Amino acid sequence: MAGDVLIHAENVTKVYNPGMPDEVTALHGVSVSIAVGEVAVLKGPSGSGKTSLLSLIGCMSRPTSGKVLVYGKDVAKLPERFLTNIRRKTFGFVFQQYNLVRDVSVLENVLLPLYPLDIRISEMREKARGVMRKLRIDGKEHLKVKQLSGGEQQRVAIARALINDPEVIIADEPTAHLDTELSGEFLEILSALNREGKTVVIATHDPFVHEQPMVDRIIAMRDGRIDRAVVR
Amino acid sequence: MRKHGKIIEYALSSLLRRKFRCLAILAAYALTVAILASILFMTGSLKIEARNLLGSSADLIVQRLLAGRHDLIPEAYAETIRGIPGVGTVTPRYWGYYYDALTGANYTLLGTDRKESTLELLHGRMPGGRGECAVGAGVSAVRFAGEGGELILTDSRGMGVSFQVVGVFRAESSMLTNDLVVLTDDGLIAFFGLPEGRATDIMVEVHNEDEVQTVARKVKRLLPDTRPITKRELLRTYDMAFNWRSGMMLTIFAAAVIAFCILAWDKATGISAEEKQEIGILKAIGWDTADVLVLKFWEGLILSMTAFLLGVIAAFVHVFFLGATLLAHIIMGWSVLFPEFRLVPHLDPYQLLILAFLTISPYVASTVVPSWKAAVTDPESVMRG
């Protein structure tokens, strides 16, 4: 499967608040492909359109025009239920602010994506404990998220992203709040996941990330357009 | 089902996370339901009491009118009424009201020569002679006059008259007998100083229920200075009186309901940034809009059902076990003897259903609708913090 195109965005444009005084065009006819099993990095300054492209790739939003193909299927026009299903099965997200529910336990945060699925609670817990063990947070399952350090919170966010066993890990500015040591630890986790066969897409402006040897493809963006794309 | 079970589990944990806010809403909500349910329970129960009371009364009561007001009726009218075809027993009644300055309460004094009564006696027997009486539980309590005790009342000449209490009444509720003092007919005539050959009104039994109106018309034709009152008219009057009182109360408390709805709407529409973010997170990690709405529906339903049940239980205890202390004076009017008033517990499922619908559904809607607005937006917004 490695080398097959997993995601292909074709001539996508994204306009926010169309027709309003604060209309913004975040992406101008962008085309990009990401292959199965590769580590791709979207880099560029603030406002370059990285996050907009990342959210289109991850089926979090729809393009204003153009196509987003996942395994060759155009997902841009799918009804919400189907889009959610693809997002749930295919993508695991790690957000810049981690976006954990602060007042609930680590275990509950990790379990959250599984609540709407037809899986027994005992099975859910078993899966969560497996993922948490892998990320070395298994001793903290009953702690509230707000009691954890930044690095631990990020590992909880990764555990939550992995609970559905997605094919693609999407991370938005994952090292923005981490020091070099924790950033290194995080990238080591991603590298291990990639070695297991997961595709990884990261949006970042941190050179520490895009200079990593595990990165296969660098897509540089500026002003909502692709400046250049490098495949290593 | 399994999915709903898990979402309910998460909804409970969400509510517990916001426990202080939820408790405040729960308290306001339960109080509103308790007030509304108290009014409904009380008026419902009073109407049933009134129906029970009137159920055993005569088919027709004939009063005499003089200058548009109730006057004593000649006993001889009973003979004329007896002559009307279809009429059964015709009995002149002797009764009146008595204001007891000692306790500030009004009693109903009733004369009877019957040895047995439709009203059940708790202790003792019906009065058999002029110096004897049977009293309601309320009178017995305020005058400390149990069976074998003495009740002194002031007669129409201003003289104190002593009656020996030979019985204390029990009824399904004390509403029927609470303020009642029963004397013998001649005892009552002498006490009030009623003129010879006059009664307070005349009680008429009619063999065929369908002919009551016809008999009433004939009475009016034969005795133009009388007013025949049918049992149906009395029932309607009671219903109207209680409906009017409960309507007045409901109008007053409508303000409370509106205030509560505003609170609920404000709470729900002012969906906090934290809640909005949580909805965004849930959508981003694979919940669809319907899942989020199911979660919000269960949150609203759990809170409102709990408040509804607490409110209804509180109202039930308030009305039927604590004697509706907060509402009794408004609903029941002046003639109530205050010390003892127990209503028979009665629940009308239809009324409860209406109350549940009117209180639960607006709250659930005001929880789900604003969440729906947040849930239909792209989860991308959560990525932007």
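Quick caveat, the model's predicted, so the values are computed rather than measured.

Parameters at a glance
Residues numbered from 1 in each chain as written. Chains lettered and ligands numbered in written order. Predicted model: local features only at pLDDT ≥ 70, side-chain atom pairs only at ≥ 80, totals over all residues. Heavy atoms only, no water. Helix = DSSP H or I, 4+ residues; strand = E, 2+ residues; numbered from the N terminus. Buried < 20%, exposed > 50% of the residue type's maximum accessible area, 1.4 Å probe, protein only. Contact = heavy atoms within 4.5 Å. Areas by Shrake-Rupley, 256 points an atom, 1.4 Å probe, with all protein chains shown as cover. Pairing = 2+ DSSP bridges. Axes fitted to C-alpha atoms, helices over the stretch in contact; angles between N-to-C directions. Parallel < 35°, antiparallel > 145°, perpendicular 65-115°, else oblique. Left-handed = near helix turned anticlockwise from the far one by under 90°. Nonpolar A, V, L, I, M, F, W, Y, C, P; charged D, E, K, R; others polar. Buried area = accessible area lost by both parts, 1.4 Å probe. Salt bridge = Lys/Arg side-chain N within 4 Å of Asp/Glu carboxyl O. Polar contact = N/O pair within 3.5 Å; in protein donor to acceptor, adjacent residues only side chain to side chain. Expected span 1.5 Å × (residues − 1). Core = buried A, V, L, I, M, F, W, Y, C linked by side-chain atoms within 4.5 Å.

## Details of the overall build of chain B
Secondary structure assignment for chain B yields 12 helices and 13 strands. Expressed as a percentage of its 385 residues, the buried residues of chain B come to 46%. Counted over contacts in chain B with a minimum sequence separation of 6, partners at least 24 positions apart contribute 80%. About 18700 Å² of surface is accessible on chain B, with carbon and sulfur atoms providing 63% of the total.

## What about the sheet that holds strand β1 (residues 5-16) of chain A?
All names here are of chain A. Spatial ordering of the open sheet is given by β2-β1-β4-β5, a layout of four strands whose pairing is antiparallel. Each of the sheet's edge strands pairs with one partner strand only, and the pair in question is β2 (24-35) and β5 (73-74). In the sheet, β1 pairs with strand β4 (residues 65-70) via five bridges, with the strands oriented antiparallel. Counterpart to His 8 in the pairing with β4 is Leu 69. The strands touched by helix α1 (residues 50-57) within the sheet are β1, β2 and β4, with β2 carrying the most contacts at an inclination of about 55°.

## Some words on the sheet that holds strand β7 (residues 168-172) of chain A
Residues and elements named next belong to chain A. Spatially, the six strands line up as an open sheet ordered β6-β7-β8-β3-β9-β10, and their pairing is mixed. What marks the edges here is a single partner per strand, and that holds for β6 (91-94) and β10 (225-231). Ignoring which end each strand starts from, the neighbouring axes of this sheet average 15° apart. With respect to the sheet, helix α5 (residues 150-162) is in contact with β6 and β7, its orientation differing from that of β6 by roughly 170°.

## Here's the deal with the packing of helix α9 (residues 289-321) of chain B against helix α11 (residues 349-375) of chain B
Residue and element names in this part refer to chain B. Following both chains from N to C, one finds α9 and α11 inclined at 150°, their axes separated by 8 Å at the closest point. In terms of axis orientation, α9 runs roughly antiparallel to α11. In this structure, α9 meets α11 at a crossing whose hand is right-handed. On α11, the residues touching Thr 289, Val 292, Leu 293, Lys 296, Phe 297, Gly 300, Leu 301, Leu 303, Ser 304, Met 305, Phe 308 and Val 312 of α9 are Leu 352, Leu 355, Ala 356, Thr 359, Ile 360, Tyr 363, Val 364, Thr 367, Val 368, Ser 371, Trp 372 and Ala 375. Here the contact of α9 with α11 is composed, by residue class, of 17 nonpolar, six polar and one charged.

## Looking at the interface of chain A and chain B
Note: interface size is frequently given as the accessible area lost on complex formation between the parts. Of the residues lining the interface, 36 residues belong to chain A; the matching set on chain B comes to 28 residues. When chain A packs against chain B, the two sides together hide about 2900 Å² of surface, and 56% of this comes from carbon and sulfur. Remark: the boundary between chain A and chain B carries three salt bridges. With its nearest N and O atoms 3.1 Å apart, the salt bridge here joins Lys 283 of chain B to Glu 80 of chain A. Summed over the shared surface of chain A and chain B, the number is 10 residue pairs in polar contact (both at pLDDT 80 or more). Contributing elements (two or more residues each) for the side of chain A that touches chain B: β1, α1, α2 (80-90) and α4 (121-134) of chain A. Residue contributions to the side of chain A that touches chain B peak at five residues, all from α2 of chain A. Here the residues of the side of chain A that touches chain B are counted per class, giving 17 nonpolar, six polar and 13 charged.

## Things to note about α11 of chain B
Helix length check: α11 of chain B, at 27 residues, gives a terminal C-alpha distance of 36 Å against a target of 39 Å (1.5 Å per residue), a fit within 8%. Put simply, Asp 348 of chain B is the residue that caps the front of α11 of chain B, since its side-chain oxygen is 3.0 Å from the backbone nitrogen of Tyr 350 of chain B.

## Quick notes on the nonpolar core
With 89 residues, the main nonpolar core has Leu 190 of chain A together with Trp 287 of chain B as its most contacted residues. If near-sequence neighbours (up to four positions away) are discounted, Leu 190 of chain A is found in contact with Ile 169, Val 200, Ile 202 and Met 214 of chain A.

## Details of the side chain of Ser 14 of chain B
Structurally, Ser 14 of chain B can be placed in helix α1 (residues 2-17). Taking relative accessible area as the criterion, Ser 14 of chain B reaches 0% and is therefore assigned buried.

## Looking at the pattern of salt bridges
Summed over the entire model, instances satisfying the criterion amount to 26 salt bridges over all chains. Between Asp 103 of chain A and Lys 146 of chain A there is a salt bridge whose closest N-O contact spans 2.8 Å. One end of the pair, Asp 103 of chain A, is in the loop between β6 and α3 (106-111); the other, Lys 146 of chain A, is in the loop between α4 and α5, and 43 residues separate them in sequence. A residue is classified by how much of its surface remains accessible, and Asp 103 of chain A, at 25% relative accessible area, is partly exposed. Arg 129 of chain A serves as the salt-bridge partner of Glu 141 of chain A, at 3.0 Å between the closest nitrogen and oxygen. With Glu 141 of chain A in the loop between α4 and α5 and Arg 129 of chain A in helix α4, this residue pair connects regions lying 12 residues apart in the sequence. For Glu 141 of chain A, a relative accessible area of 11% translates into the label buried. Members of the salt-bridge network, linked through shared partners, are Arg 18, Arg 21, Glu 275, Lys 296 and Glu 299 of chain B.

## Overview of the environment of Ile 8 of chain B
All names here are of chain B. Along the polypeptide, Ile 8 turns up in helix α1. By relative accessible area, which is 25% here, Ile 8 ends up partly exposed. Note: C-alpha distance between Ile 8 and Val 294 (286 residues apart in sequence) is 8.8 Å. Setting aside residues no more than four positions away along its own chain, Ile 8 makes contact with Trp 298 and Ile 302.

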